[in-house]
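Descriptive analysis of the structure
The lines below spell out each chain.
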Amino acid sequence: MISKILARGGPACGYLFIRYLKGITLLAALPISLLLGWVIPGATAGLVKLANSERYRASRYLKLPEAVPLPDALPRQPGDVVTLFKDKSFVRSLRLLLMPPVVIVELFLAVFAIAAVPSAVISMVIWPFVSDTSILGVPIDSLWKASVFGPLQILIGIGLLGWVAPATARGHARAVLGLLAPSAQELETARLNQRVEELTRTRAGAVDSHGAELRRIERDLHDGTQAQLVSLAMRIGIAKQTMADDPEKAAKILDDARDGAEQAMTELRGVLRTMYPPILADRGLAGAVSALSARSPIPVELRVGDLGTVPAPVEAAAYFVVAESLTNITKHSAAGHVDILLERRGSELYLAVTDDGIGGARINEESDLLGRGSGLRGMVHRVEAIDGQIELQSPIGGPTTVEVILPCA
């Protein structure tokens, strides 16, 4: 019985005491906030953060799922009062100013609930030796008063600690969740704003990735195929000049030119394959990933479920994620085995590539000294460009897992 009362009353009194400290701090900061808050954007943004903190603590005390936070305060310039009072999160956070007068009463309740029983027991023991001993405000100068008012205070304290304080704390927490809850319109506006920011970021990443891809293709064509074609043209020109005087030498030069043409075609096919692999059109995503797995120097266990109809951009993104992952694993992981899972989950395509290597992979904007990281960033750009999600788990010592979810609807 006593343990249950303490289990209910202890957290409740602790919750009320912390609310008192926050309420008094808010009351102390109120004059400065009123004078400077409209000038300093950080002060009003801090009030919204305090409101979200109170909602979080209230939901934790009530053992409810984490409360949906208020949207962040609107960005504004110092002195921009119009934006300040258009900010619904800030206006709603002003309800926190109701806290200081309430928490004073709650603090008295919490302190009395905790101290009532110990103080009653102590007073019942020391009243013969201390002349000004009192219980419940009644001076104790005789045994019958100590015997009546002492147990009465103990019962009151038990009632406050076991039932009244928890009920008060629950009421406070529910009031916080209700008064500071964002409206459906505010949540929808915040969601749309977040979506716009996300799309802006992912589209910028896609543009950067596309530009880097174009530069890579240009470099490959310039350094590889173009050089081969220039060499081919020179050989044909030399063969044409020597044809009349030395037909055998001209024939040998033409044979070399033919070999050069075949090599140029091979390099050109390699460049085209990086743009949109023809194998995707010929064999589909499952066949293309199977071909990548078969060419990998590291043993690959491939599990492919029923994929259904997959849009071409999603197929290309998934193919390049697998190709880049296998390349990274071969170069950097020191892995001995790779697992690939590819399956359809409702309207989404799920892909997971796991290796048993050394781990430590990170997503960097640029390559590190060992040439790692930029390939993973390219994968992120490809996936986010089609509203997909990618997650990298690579603790030191391994294993490394790349999980990708791509929308197919």
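A few points on the structure.

What counts, and at which threshold
Residues numbered from 1 in each chain as written. Predicted model: local features only at pLDDT ≥ 70, side-chain atom pairs only at ≥ 80, totals over all residues. Heavy atoms only, no water. Patch = residues over 30% accessible without salt bridge, like charges linked within 9 Å, V, L, I, M, F, W, Y side chains within 5 Å. Areas by Shrake-Rupley, 256 points an atom, 1.4 Å probe, with all protein chains shown as cover. Salt bridge = Lys/Arg side-chain N within 4 Å of Asp/Glu carboxyl O. Helix = DSSP H or I, 4+ residues; strand = E, 2+ residues; numbered from the N terminus. Buried < 20%, exposed > 50% of the residue type's maximum accessible area, 1.4 Å probe, protein only. Contact = heavy atoms within 4.5 Å. Phe/Tyr/Trp six-rings, centres within 6.5 Å; stacked < 30°, edge-to-face > 60°. Lys NZ or Arg CZ within 6 Å of the ring centre and 35° of its normal. Pairing = 2+ DSSP bridges. Axes fitted to C-alpha atoms, helices over the stretch in contact; angles between N-to-C directions.

1. Digging into a nonpolar patch on the surface
Residues Val121, Ile122, Val125, Ile126, Phe129 and Val130 make up a contiguous nonpolar surface patch of about 550 Å² in total accessible area. Along the chain, Ile126 turns up in helix H5 (residues 99–126). With a relative accessible area of 32%, Ile126 lands in the partly exposed category.

2. Describing the environment of Leu302
With respect to the helices and strands, the residue Leu302 is situated in strand E3 (residues 300–304). Between the C-alpha atom of Leu302 and that of Leu342, which follows or precedes it by 40 residues, the distance is 8.0 Å. Among all residues touching Leu302, those that are not within four sequence positions of it are Val289, Ser290, Ser293 and Ile340.

3. Quick look at the pattern of salt bridges
As enumerated under the stated definition, the model contains 4 salt bridges in all. Between Arg345 and Glu343 there is a salt bridge whose closest N-O contact spans 2.7 Å. Given the relative accessible area of 43%, Arg345 is considered partly exposed. For Glu343, a relative accessible area of 22% corresponds to the partly exposed category.

4. A few points about the packing of aromatic side chains
Taken as a whole and judged by the stated rule, the model has 3 aromatic pairs. Ring geometry for Tyr15 and Tyr61: centres 4.8 Å apart, planes at 15 degrees, overall stacked. Of this pair, Tyr15 sits in helix H1 (residues 2–36) while Tyr61 sits in helix H2 (residues 41–61), and the two are 46 residues apart along the sequence. The lysine or arginine in question, Arg19, covers the ring of Tyr15, its NZ or CZ lying 4.6 Å from the ring centre. One cation-aromatic arrangement involves Arg382 over Phe320; the distance from NZ or CZ to the ring centre is 3.9 Å.

5. Some details on the sheet that holds strand E7 (residues 400–407)
In spatial order, the strands read E3-E4-E5-E7-E6; together these 5 strands make up an open sheet with mixed pairing. Two strands close off the open sheet at either side, each with one partner strand: E3 and strand E6 (389–393). Across the sheet, the mean angle separating the axes of adjacent strands is 10 degrees when strand polarity is ignored. For strand E4 (residues 338–345) and strand E5 (residues 348–355), the ladder comprises 8 bridges, and the chain directions are antiparallel. Within E5, the residue paired with Glu343 across the bridge is Tyr350. Sheet strands touched by helix H9 (residues 278–295): E3, E4 and E5. Its angle to E3, the strand with the most contacts, is close to 175 degrees. Against the sheet, helix H10 (residues 312–333) engages E3, E4, E5 and E7, with an angle of about 5 degrees to E5.

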